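As a plain string of letters, each chain reads:
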Amino acid sequence: MKTIPKEVKKEIQKLVDQFNEDELDLINEFYKYVVEYSGNYAYLKSKLYDDVSPAGRLKYTGDMNNWEFAIYRYSIEEYVPDEAFFPGESYLDGTITGALYCCNTAYPPTI
């Protein structure tokens, strides 16, 4: 698969918006997750005001409930798909929402 279909991107955006509303608006209305796309990857990034930071990368497999996940490691400045034993990994269940909970636990808001 070369790119994520438009209809899938719309569904991802709905899930990210719902997560932001349900989990983050009470913390700080200026802290959100955003998603950027490149080919068959969706990059989850945290955004505080204008500062955007990488958190995780999802690879589209053709199934909305079976995304491949890679956490961003700041120590090496790369996404690591086979990283284990990090805060939030227990949330990983192949879904966008699970990945958002994972990223938010691994890199909690510093506000």
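Shown above is the structure to which this text applies.
Note that the structure is predicted; figures quoted are calculated from it, not measured.

J.: Looking at this structure, how should I read helix 2 (residues 96–106)?
T.: The buried fraction of helix 2 amounts to 8 of the 11 residues, a majority that puts the element mostly inside the structure. Where helix 2 is buried, its residues meet helix 1 (6–24), strand 1 (31–38), strand 2 (41–48), strand 3 (51–59) and strand 4 (68–73). If you check the start of helix 2, you find a side-chain oxygen 2.9 Å away from the backbone N of Gly-98, and it comes from Thr-95.

J.: What is the right way to read the sheet that holds strand 2 from this model?
T.: For sheets, the rule is that strands pair by backbone hydrogen bonds, running either parallel or antiparallel. Reading across from one edge, 1-2-3-4-5 is the order of the 5 strands in this open sheet, with antiparallel pairing throughout. Looking at the sheet topology across the chains shown, the edges are occupied by strand 1 and strand 5 (78–80). Taken pair by pair, the neighbouring strands of this sheet meet at an average axis angle of 30°, ignoring direction. Packing against the sheet, helix 1 makes contact with strand 1 and strand 2, and its axis sits at approximately 165° to strand 1.

J.: Explain the packing of aromatic side chains to me, please; I cannot follow it from the model alone.
T.: The way to describe two aromatic rings as a pair is by their centre distance and the angle between their planes. The final tally for this structure, using the stated rule, is 11 aromatic pairs. Ring geometry for Phe-19 against Tyr-33: centres 5.9 Å apart, planes inclined by 70°, an arrangement best described as edge-to-face. Of the two residues, Phe-19 sits in helix 1 while Tyr-33 sits in strand 1, which places them 14 residues apart along the sequence. Across the pair, Tyr-33 and Phe-19 agree in class, each one buried. Ring centres of Tyr-91 and Tyr-101 lie 5.4 Å apart, and the angle between their planes is 25°; this geometry places the pair in the stacked category. Note that Tyr-91 is positioned in the loop between strand 5 and helix 2 and Tyr-101 in helix 2, a separation of 10 residues in sequence. The exposure class of Tyr-91 is partly exposed, given its relative accessible area of 38%. On the accessibility criterion, Tyr-101 (28% relative accessible area) is partly exposed. Taken together, Tyr-41, Tyr-43, Tyr-72, Tyr-74, Tyr-79 and Tyr-107 form an aromatic cluster joined through their ring pairs. Positioned above the aromatic ring of Tyr-37, the side-chain terminus of Lys-9 is 4.8 Å from the ring centre.

Quick notes on the rules
- Residues numbered from 1 in each chain as written.
- Predicted model: local features only at pLDDT ≥ 70, side-chain atom pairs only at ≥ 80, totals over all residues.
- Heavy atoms only, no water.
- Buried < 20%, exposed > 50% of the residue type's maximum accessible area, 1.4 Å probe, protein only.
- Helix = DSSP H or I, 4+ residues; strand = E, 2+ residues; numbered from the N terminus.
- Contact = heavy atoms within 4.5 Å.
- Polar contact = N/O pair within 3.5 Å; in protein donor to acceptor, adjacent residues only side chain to side chain.
- Pairing = 2+ DSSP bridges.
- Axes fitted to C-alpha atoms, helices over the stretch in contact; angles between N-to-C directions.
- Phe/Tyr/Trp six-rings, centres within 6.5 Å; stacked < 30°, edge-to-face > 60°.
- Lys NZ or Arg CZ within 6 Å of the ring centre and 35° of its normal.

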